[in-house]
Amino acid sequence: MVERVESWFEGIAGLCARFAHRFGRSEPRERALDYVRGLVAPLERKNGWTLSEQVGQLRPDGLQRLLNLSEWDEHAVRDDIRDYVIETIGARDAVLIGDDTGFVKKGTRSAGVQRQYSGTAGRTENCQIGTFLAYASAKGRALIDRELYIPASWTDDRDRCRAAGIDDAVPFATKNEHFRWMLQRAIDAGVPFAWVTADEAYGQVKQTRAWLEERKVAYVLATKANDTVTTAGSSETRVDDLIATLSRQHWKRNSGGRGAHGERIHDWARVAIRPCWENGFGHWVLARRSVADPTDIAYYVCYGPAASRLKDLLRVAATRWAVEECFQTAKGECGLDHYQVRLYRAWYRHITLAMAALACLTATRATEATKGAPKTTSTTSYPSASRRSAD
């Protein structure tokens, strides 16, 4: 374990050196390195006090100053982390995954906090919500972008926003808008990927699907049973009604990859929903049915190259779980949710440095796998990333 931690620390030093120029002074540059090293240390809680003790500081003032007051560009650092992820696990057939996660908080002053539904907790909590973009390939998966959701109850109260460091120029934006912002940044940066996926909170929004199609970005997006799609003759048909017309022969039993409890085996089927292919791309509705309970069916709307096979679509759908595993690893091993900051910019800074820690762990594990080393212990068991044969 000591050798493994030393290997992680070497990787962290290398990554932090890549964005050292984002800091105008040596003190915050060194604090950032200390902070990321502390985030991967085997500590039960990773707050200002414990991180400071881990790096030999008597008080957390220096690390708190790093997050709240020091001059450095956290968005440029985010881009450096993204580029590092692409260099270490990048692939043309990778999948971009959008999702959000909750951060339970006490009080009312942390930027964006309110009582709202948290999928993480599975109930309404007093929390902040962060939206994220994950990158998944056969080599590994990591978080490459993030946004803090600021509810309308905040943006309608600019005095409250200013007290939390939220600039007047920060608008109200939905999580779907965050998703599109992050995807656009990835596209503009030339990030290599073949597909986009997300759960039904994103997939059921027709505006997001149209946005992706305008950019000819292939997707497999989960949706609700009562969602409608345009079929022949421009009629609107419910996705569950389309799947209900399929015969038994249309269903194929297949694995979406390995999970924590073994292969994820389901029955899968798809139906084309447009008779005309546009620029070599087509549309489908995909369904995943439980082997144990045939009434348990999940639905997806898909857009991609006409040559895409059923197993290509199902593997992209199954890859969505990689973002959940990113959250588990980032929270369990990198302190993603251990912060004690209230200011808007400080949230972005902590989350960005936690993403750096996760990127280093991902790169280290990818290197070990390449060398044939035993798989490192993690809080999660990663499934196989999706592959597409149509490249």
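Note: the structure precedes this text.
My aim in this report is to walk through the structure given alongside it, one point at a time. (Residues numbered from 1 in each chain as written. Predicted model: local features only at pLDDT ≥ 70, side-chain atom pairs only at ≥ 80, totals over all residues. Heavy atoms only, no water.)

1. Looking at the overall build of the chain
Quick reminder of the rule: Only DSSP runs of H or I with at least four residues qualify as helices, and only runs of E with at least two residues qualify as strands; both kinds are numbered from the N terminus onward. Atoms considered for the radius of gyration are the C-alpha atoms alone. The globule rule reads 2.2 Å times the number of residues to the power 0.38. Whether a residue is buried, partly exposed or exposed follows from its accessible area with a 1.4 Å probe, protein chains only, as a fraction of its type maximum: under 20%, in between, or over 50%, in that order. Whether two residues are in contact is decided by their heavy atoms: any pair within 4.5 Å suffices. Residue-level accessible areas treat just the shown protein chains as cover; the underlying method is Shrake-Rupley with a 1.4 Å probe. Here Asp and Glu are counted as negative and Lys and Arg as positive; His is not counted, and neither are the chain ends. By convention, the point assigned to a charge is CZ for Arg, NZ for Lys, CD for Glu and CG for Asp.
Secondary structure summary: the chain contains 14 helices and twelve strands in total. On C-alpha atoms alone, the chain measures out to a radius of gyration of 22 Å, which is about the 21 Å that the 2.2 N^0.38 rule sets for 391 residues. Out of the 391 residues belonging to the chain, those deemed buried represent 54%. By sequence separation, contacts in the chain at least 24 residues apart represent 65% of the contacts at least 6 residues apart. Counting every atom, the chain has about 17,300 Å² of accessible surface; 48% of that belongs to carbon and sulfur. Of the side-chain charges in the chain, 56 are positive and 49 negative, and the distance between the mean point of each set is 3 Å.

2. Let's talk about the environment of Pro 294
One can find Pro 294 in the loop between strand E11 (281-289) and strand E12 (297-305). Judged by relative accessible area, which is 48%, Pro 294 ranks as partly exposed. A C-alpha to C-alpha distance of 38 Å links Pro 294 and Glu 147, two positions 147 residues apart in sequence.

3. Quick word on the packing of aromatic side chains
Cut-off, in case you're wondering: Two aromatic rings from Phe, Tyr or Trp, using only the six-membered ring of Trp, form a pair when their centres are within 6.5 Å; if the ring planes differ by under 30 degrees the pair is stacked, by over 60 it is edge-to-face, and anything between is tilted.
Per the counting criterion, the structure on display carries 13 aromatic pairs. Here the aromatic rings of Phe 103 and Tyr 339 are separated by 5.6 Å at their centres, their planes lie at 55 degrees, and the arrangement is tilted. Placement of Phe 103 in strand E1 (residues 95-104) and of Tyr 339 in the loop between helix H13 (321-333) and helix H14 (344-370) is noted, with a sequence separation of 236 residues between them. Residues Phe 103 and Tyr 339 agree in their burial class; the two are buried. Ring centres of Trp 347 and Tyr 348 lie 5.1 Å apart, and the angle between their planes is 85 degrees; this geometry places the pair in the edge-to-face category. Each residue in the set Phe 103, Phe 132, Phe 327, Tyr 339, Tyr 344, Trp 347 and Tyr 348 is aromatic and connected to the rest through ring pairs, giving one cluster.

4. Regarding the packing of H13 against H14
Our working rule: Each axis is a line fitted through C-alpha atoms, and for a helix only the stretch in contact is used; angles between axes span 0 to 180 degrees, taken between their N-to-C directions. If an angle is under 35 degrees, it is roughly parallel; if it is over 145, roughly antiparallel; if it lies from 65 to 115, roughly perpendicular; otherwise it is oblique. Throughout, the ten residues Ala, Val, Leu, Ile, Met, Phe, Trp, Tyr, Cys and Pro are labelled nonpolar, Asp, Glu, Lys and Arg are labelled charged, and all others, Gly among them, are labelled polar.
Running from amino to carboxyl end, H13 crosses H14 at an angle of 110 degrees, the nearest separation of the two axes being 10 Å. It follows from the interaxial angle that H13 and H14 lie roughly perpendicular. Counted together, Cys 326, Thr 329, Ala 330 and Glu 333 of H13 and Leu 358, Leu 361 and Arg 365 of H14 form the full contact between these two elements. Taken together, the residues of the contact of H13 with H14 sort by class into four nonpolar, one polar and two charged.

5. Regarding the side chain of Thr 362
In this fold, Thr 362 is placed in helix H14. Its relative accessible area of 7% is what places Thr 362 among the buried residues. Residues within four places of Thr 362 in sequence aside, it is in contact with Ile 89, Gly 140, Arg 141 and Ala 142.

6. Notes on unusual backbone geometry
One non-glycine residue, Lys 216, adopts positive backbone phi at about 55 degrees. By the secondary structure assignment, Lys 216 is in the loop between helix H10 (206-214) and strand E6 (219-223).

7. Details of the pairing of strand E5 (residues 195-198)
Which entries qualify depends on this criterion: When DSSP locates at least two bridges between a pair of strands, those strands are taken to pair.
Neither face of E5 is open: one carries Trp 195 and Thr 197, the other Val 196 and Ala 198, and all of them are buried. Bridge count for E5 against E6 is three bridges, and the pairing is parallel. By the bridge assignment for E6, Ala 198 is matched with Leu 221.

8. Some thoughts on the packing of helix H5 (residues 74-89) against H14
Threshold: Note on convention: the crossing is left-handed when the near helix lies turned anticlockwise from the far helix by less than a right angle, right-handed when the turn is clockwise.
At a closest axis distance of 10 Å, the pairing of H5 and H14 adopts a crossing angle of 15 degrees. Classified by the interaxial angle, the pair formed by H5 and H14 is roughly parallel. In the packing of H5 onto H14, the handedness of the crossing is left-handed. Two secondary-structure elements touch here, H5 through Glu 74, His 75, Val 77, Arg 78, Ile 81, Tyr 84, Val 85, Thr 88 and Ile 89 and H14 through Arg 345, Tyr 348, Arg 349, Thr 352, Met 355, Ala 356, Ala 359, Cys 360, Thr 362, Ala 363 and Ala 366. Residues of the contact of H5 with H14, tallied by class, amount to twelve nonpolar, four polar and four charged.

9. A short note on the side chain of Arg 82
Topologically, Arg 82 is positioned in helix H5. Excluding its chain neighbours within four sequence positions, the residues that come into contact with Arg 82 are Ile 144, Arg 185, Ala 189 and Val 191.

10. Overview of the nonpolar core
For clarity, the cut-off: Here, nonpolar core means buried Ala, Val, Leu, Ile, Met, Phe, Trp, Tyr and Cys residues that are tied together by side-chain atoms lying within 4.5 Å of each other.
Formed by 113 residues in total, the largest nonpolar core has its most connected members in Leu 96 and Leu 143. In contact with Leu 143, not counting residues within four places along its chain, are Phe 132, Leu 133, Ala 134, Val 323, Cys 326, Phe 327, Ala 330, Met 355 and Leu 358.

11. What about the pairing of E12?
The side chains of a regular strand alternate, first on one face of the sheet and then on the other. Counted residue by residue, E12 has eight buried out of nine residues, so it is predominantly covered. Bridge analysis of E6 against E12 gives five bridges, and the strand direction is antiparallel. Bridging from a neighbouring strand, Ala 222 pairs with Tyr 300 of E12. Alignment of E11 against E12, held across nine bridges, turns out to be antiparallel. Considered in E12, the bridge of Arg 289 is made with Ile 297.

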